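Per-entry structural report
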Amino acid sequence: MPLPLNDREIVVGVTGSIAAYKVADWVRSLRRDGARVTVIMTAAGARFVSPLTFAALSGSRVHTGMFDATAPETIPHIDLARRCALLLVAPATATTIARLAHGLADDLLATVALATEAPVMVCPAMNSKMFLHPATTANLATLRGHGYRVVEPASGNMACGEEGPGRLAEWETVRHAILATFAAQDLAGRAVLVTAGPTREPLDPVRFLSNRSTGKMGYAVAAAASQRGARVTLVSGPTDLAAPPGVEMIRITTALEMHQAVLDRASEMDVVVKAAAVSDFRPAEQASHKLKKATTTATIALAANPDILLTLGERRGNRPCPLLVGFAAESREHLNEGRRKLRAKNLDLMVVNDITASDCGFAVDTNRVTLLDRNDAVEELPLLTKDETAHRIWNRIVKLLKD
Ligand code: CTP
């Protein structure tokens with residue numbers, strides 16, 4: 001199964017901050033995503049975490065100095081600069097940021113940064129007063145001017161006891177920025193709305209009707225669009241998932257709330273992808289107090305919820321309308337059901353999956369889907385991660401947008 005960073009070599013520059021220990025785990029994650037990782041440590045970096053730790057986690061020798069080549073015929077800084085697909089400087093101290101901003105080639109990391117043509121990403125981590133000092137602000141502005149990507153630090157309680165900006169960014173934010181660096185920016189300038197997760201239809205203050213959707217597929221679709229440069233709004237039912245970085249989150253609970261949230265925004269969108277598992281019905285009555293078994297009947301009267309995609313499909317006419325993409329999770333006759341829903345709801349693309357397979361559907365990280373379009377073209381995708389499936393869906397949507 002293709003991984004997002006398959007065969008890319010990422011050079012990680014670790015500098016002298018207490019946050020260096022967090023980057024040890026980032027190295028593992030990069031490798032899990034398929035990357036080859038080589039670590040350069042500055043002298044100060046190597047005092048916080050042993051190079052041995054990074055060697056074990058990266059699976060290759062750690063470079064600590066300009067003149068420590070085991071094979072002197074290769075020039076280490078030029079070799080690393082040529083090999084790397086991305087130079088990730090994390091954690092980046094004020095000193096290293098100043099060194100990079102001024103082009104001082106007095107250690108291996110700064111020399112590789114000067115010599116490489118690969119993108120350079122800098123993740124500052126330092127005391128908040130140092131971060132907010134005009135010298136650091138000016139140096140970061142210089143780096144941005146050189147085309148370096150600066151991943152803003154988070155705010156919060158720091159190791160030095162102070163509060164404020166300067167904490168190393170969270171890995172999910174940095175990973176998202178790395179994937180965006182490698183993604184085609186073919187959705188730049190586009191606005192897309194994605195829905196995800198289940199809806200919950202309350203019966204009383206403690207009980208609700210819902211379904212098994214975890215939101216994983218929809219969140220993957222939203223994250224992939226954001227990596228490809230889109231402005232993404234994610235309308236999500238209740239899930240356990242963190243908001244994908246860079247995405248505007250609208251949290252809703254019921255189908256009626258999702259209906260409102262989508263219809264309020266649909267006209268500003270280029271694409272609407274409805275990956276949510278919307279409850280078709282809600283309890284006709286919502287009790288304001290907890291129902292008691294002694295006084296409750298054994299049946300629940302239901303009222304139909306509006307079909308959000310159908311409403312959007314029916315509104316299509318001569319006016320500009322977003323491209324409409326639906327999902328159909330089926331347990332039988334999945335292609336026929338997908339076709340029926342594509343026509344009934346007047347969609348451009350339907351993503352169909354068979355939820356009876358154990359590697360597809362709810363709560364797993366993989367999916368195998370078939371894409372159906374208005375012209376009856378059928379594209380069967382292989383078993384892929386949900387992230388990769390999301391990118392394949394966008395590949396198809398990008399083609400439809402061009403047409
Ligand atoms: N959908 C929607 N509003 C609803 C129900 C479904 O927008 N009230 C959307 C879903 O988000 C999905 C598509 O319609 O993109 C298909 O949903 P699905 O539940 O598979 O189909 P239904 O239309 O509910 O049909 P059925 O119950 O017959 O399977």
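Remember, it's a predicted structure, so these values are computed and weren't measured experimentally.

Turning to the site of the ligand, a few remarks are in order. Close contacts around the ligand come from 14 residues, with Lys 274, Ala 276, Phe 327, Lys 341 and Lys 345 the closest. The contact in question runs from an oxygen atom of the ligand to an N or O atom on the side chain of Asp 280, over 3.0 Å. About the coverage of the ligand: the protein hides 79% of its 570 Å² of free accessible area. Under a 2 Å grid-point criterion requiring more than half of the atoms, the pocket assigned to the ligand is the second largest pocket. Mapped onto the shell around the ligand, the elements with two or more residues apiece are helix H12 (308-315), strand S16 (323-330) and helix H13 (334-344). Sorting elements by how many residues they give to the shell around the ligand places S16 first, with 3 residues. Here the shell around the ligand is composed, by residue class, of 7 nonpolar, 1 polar and 6 charged.

What follows covers helix H10 (residues 216-227). Counting along an α-helix, one turn takes 3.6 residues, and residues three or four places apart therefore face a common direction. Under the 1.5 Å per step criterion, the end-to-end length of H10 is 16 Å for 12 residues, consistent within 8% with the ideal 16 Å. With 11 of its 12 residues buried, H10 lies for the most part within the structure. Those residues of H10 that fall on the buried side of the exposure criterion are Met 217, Gly 218, Tyr 219, Ala 220, Val 221, Ala 222, Ala 223, Ala 224, Ala 225, Ser 226 and Gln 227. Within two residues after H10, Gly 229 carries a phi angle of roughly 100°, on the positive side.

Moving on, we get to the pattern of salt bridges. Within this structure, the stated rule accounts for 23 salt bridges. Taking the shortest distance from any N to any O, the salt bridge between Lys 345 and Asp 307 comes out at 2.7 Å. Pair noted here: Lys 345 is in the loop between H13 and strand S17 (349-354) and Asp 307 is in the loop between strand S15 (302-304) and H12, with a separation of 38 residues, a long-range link. Among the residues examined, Asp 307 registers a relative accessible area of 28% and is labelled partly exposed.

Bringing the nonpolar core into the picture now. Formed by 33 residues in total, the largest nonpolar core has its most connected members in Val 271, Val 273, Trp 394 and Ile 397. Of all the secondary-structure elements, those providing two or more residues to this core are strand S8 (191-196), H10, strand S11 (231-236), strand S13 (271-274), S16, S17, strand S19 (369-373) and helix H14 (386-402). When residues in this core are grouped by element, the largest group, 7 residues, is from H10. Leaving out residues up to four positions away in the same chain, Val 271 has contacts with Ala 191, Val 192, Leu 193, Pro 322, Leu 323, Val 325, Trp 394, Ile 397 and Leu 401.

Quick look at the sheet that holds strand S5 (residues 149-150) now. Read from one edge to the other, the open sheet built from 5 strands follows the order S2-S1-S3-S4-S5, with strand pairing classed as parallel. This sheet does not close on itself; its edge strands, each paired only once, are strand S2 (36-41) and S5. Direction of pairing for strand S1 (residues 9-14) relative to S2: parallel, over a ladder of 6 bridges. By the bridge assignment, Gly 13 is partnered in S2 with Ile 40. Along the sheet face, helix H3 (residues 51-58) touches S1 and S2 and points at about 170° away from the line of S2. Docked against the sheet, helix H6 (residues 108-115) engages S1, S2 and strand S3 (86-92), running at close to 145° with respect to S3.

Analysis parameters
- Residues numbered from 1 in each chain as written.
- Predicted model: local features only at pLDDT ≥ 70, side-chain atom pairs only at ≥ 80, totals over all residues.
- Heavy atoms only, no water.
- Near = heavy atom within 4 Å.
- Polar contact = N/O pair within 3.5 Å; in protein donor to acceptor, adjacent residues only side chain to side chain.
- Areas by Shrake-Rupley, 256 points an atom, 1.4 Å probe, with all protein chains shown as cover.
- 1 Å grid on protein atoms, 1.4 Å probe; cavity = no way out; pocket = protein on both sides within 12 Å on 5 of 7 lines; lining within 4 Å.
- Sits in = over half its atoms within 2 Å of the grid points.
- Helix = DSSP H or I, 4+ residues; strand = E, 2+ residues; numbered from the N terminus.
- Nonpolar A, V, L, I, M, F, W, Y, C, P; charged D, E, K, R; others polar.
- Expected span 1.5 Å × (residues − 1).
- Buried < 20%, exposed > 50% of the residue type's maximum accessible area, 1.4 Å probe, protein only.
- Salt bridge = Lys/Arg side-chain N within 4 Å of Asp/Glu carboxyl O.
- Core = buried A, V, L, I, M, F, W, Y, C linked by side-chain atoms within 4.5 Å.
- Contact = heavy atoms within 4.5 Å.
- Pairing = 2+ DSSP bridges.
- Axes fitted to C-alpha atoms, helices over the stretch in contact; angles between N-to-C directions.

In short, the description is geometric, and any link to function would need to be established separately.
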